[in-house]
Amino acid sequence: AEFYADGGFTHGCSPDHLIFDFDDIGLTRTIDDVPEDVRRRYEITLQNAAEFYKSAAGVGPGFTPMGVIQGWSAESMAQAARNLASMGYDYLAIGGTVPLRIDQIRRVLQALREALPDRIRLHLLGFGKIEELAALEQYGVTSFDTTSPLLRAFKDARKNYWVRTADGDLSYYTAIRIPQATQNNKLKHKALEGSLNQEDARRLEDAALRGVRAYADGGATLDQSLDAVMDYWAALNWRDEASPSRRADAATRQRKVYAHTLGDRPWERCSCRVCRESGVEAVIFRTSNRNKRRGIHNLHVFHTHLSEFRQESI
Ligand SMILES: [Zn+2]
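This is a predicted model, so every value here is computed, not measured. (Residues numbered from 1 in each chain as written. Predicted model: local features only at pLDDT ≥ 70, side-chain atom pairs only at ≥ 80, totals over all residues. Heavy atoms only, no water.)

## Considerations on the nonpolar core
Here is step 1: If you look at the biggest cluster of nonpolar residues, it comprises 48 residues, and the most contacted ones within it are Ile69, Leu92, Ile94, Val108, Leu112 and Leu116.
Here is step 2: Each of domain 1 (2-146) and domain 2 (155-163 + 166-306) contributes no fewer than three residues to this core.
Here is step 3: If sequence neighbours within four positions are ignored, Leu92 has contacts with Gly67, Ile69, Ala81, Leu84, Leu116, Ile120, Arg121, Leu122 and His123. (Core = buried A, V, L, I, M, F, W, Y, C linked by side-chain atoms within 4.5 Å. Buried < 20%, exposed > 50% of the residue type's maximum accessible area, 1.4 Å probe, protein only. Domains from an automatic or database assignment. Contact = heavy atoms within 4.5 Å.)

Here's what the structure looks like:
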């Protein structure tokens, strides 16, 4: 509570202990037949919440304490939520849902809503399934936090540049991988093995960058640009053990994916600052700075998506 006060926070979560094993059946296990450490985590989380609620009163009127729900099933989470509400909390944060599937999250939300009066607000901690906003609306979730738009820009191999379709859905393009030849571990390894000369790699890297930029500026055709990108791709992904036909298949698939990204020119339709100022660079998968900027683009797209979703549901 002191930490939240020092930081000038408006909201703060009670310190919880994560419960890892979510029981799909749930009903079969009560507090008496879950493993000892699960029970302990459950009880400590509630004890902490009770103490935190008292301490939070001293932070000031601008501060809203949030009671964190942990449990091993929808039913145990509903019970925890009832306890937190009776402590005085009117804003609860649902923890431990990161590894859950959307149908499991739905079951949790349903159980919580049935257990709680409508005035109790719900926050979903670390909600990654952000294509599923409708589920949150259905169960009256007030808020959630997520790192997905940012992280998927460089952790998702395929869906890493987001767009919003005319129908209002989230959709994705795959950014073009042109890693720095001197920094890339795969290439370093190949250089050490002697299967790829670093100078050659640098030349291919350069050509790929020039190809993509020239295409964006109208100075090269899509195929010319893809040729350069795929030459570098082939050097990067060359595996001696793979048969020539498998290699060719993989290259054909990859070329199609990249043709979709470059052919549609999505960076020209985006109004975020990253796309406005850096253009095609936003769809090049390369170095941390650039990948994080694409994450900021994704945040922009997601923010628009969320705002429009909320407007439609009002
Ligand atoms: Zn953008």
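## Details of the domain arrangement of the protein
Here is step 1: Split into domains, the protein comes out as domain 1 (2-146) and domain 2 (155-163 + 166-306).
Here is step 2: Computed from C-alpha atoms alone, the centre-to-centre distance between domain 1 and domain 2 is 40 Å.
Here is step 3: At the junction of the two partners, domain 1 supplies five residues and domain 2 supplies six residues.
Here is step 4: Summed over both sides, the interface between domain 1 and domain 2 buries roughly 440 Å², with carbon and sulfur atoms accounting for 78% of that surface.
Here is step 5: Three residues, Ile130, Glu131 and Leu133, lead the burial of domain 1 against domain 2; their summed loss comes to 80% of the area buried on that side.
Here is step 6: Summed over the shared surface of domain 1 and domain 2, the result is zero salt bridges.
Here is step 7: Counting the contacts that link domain 1 with domain 2 gives one residue pair in polar contact (both at pLDDT 80 or more). (Buried area = accessible area lost by both parts, 1.4 Å probe. Salt bridge = Lys/Arg side-chain N within 4 Å of Asp/Glu carboxyl O. Polar contact = N/O pair within 3.5 Å; in protein donor to acceptor, adjacent residues only side chain to side chain.)

## With respect to the coordination of the zinc ion
Tetrahedral metal sites with four donors have an ideal angle of 109.5 degrees; octahedral sites with six donors have ideal angles of 90 or 180 degrees.
Here is step 1: Protein coordination at the zinc ion comes from Cys270 (SG), Cys272 (SG), Cys275 (SG) and His297 (ND1), with a distance range of 2.0 to 2.3 Å.
Here is step 2: Classification of the site at the zinc ion rests on its four donor atoms, whose angles at the metal span 101 to 115 degrees, yielding the label tetrahedral.
Here is step 3: Donor residues for the zinc ion sit on one chain with the sequence pattern C-x1-C-x2-C-x21-H. Of this pair, Cys270 sits in the loop between α10 (244-264) and α11 (273-278) while His297 sits in helix α12 (residues 288-313), and the two are 27 residues apart along the sequence. (Donors = N, O, S within 2.8 Å, 3.2 Å for Na, K, Ca; no water. Tetrahedral: all angles 85-135°; square planar, octahedral: opposite > 155°, others 65-115°. Helix = DSSP H or I, 4+ residues; strand = E, 2+ residues; numbered from the N terminus.)

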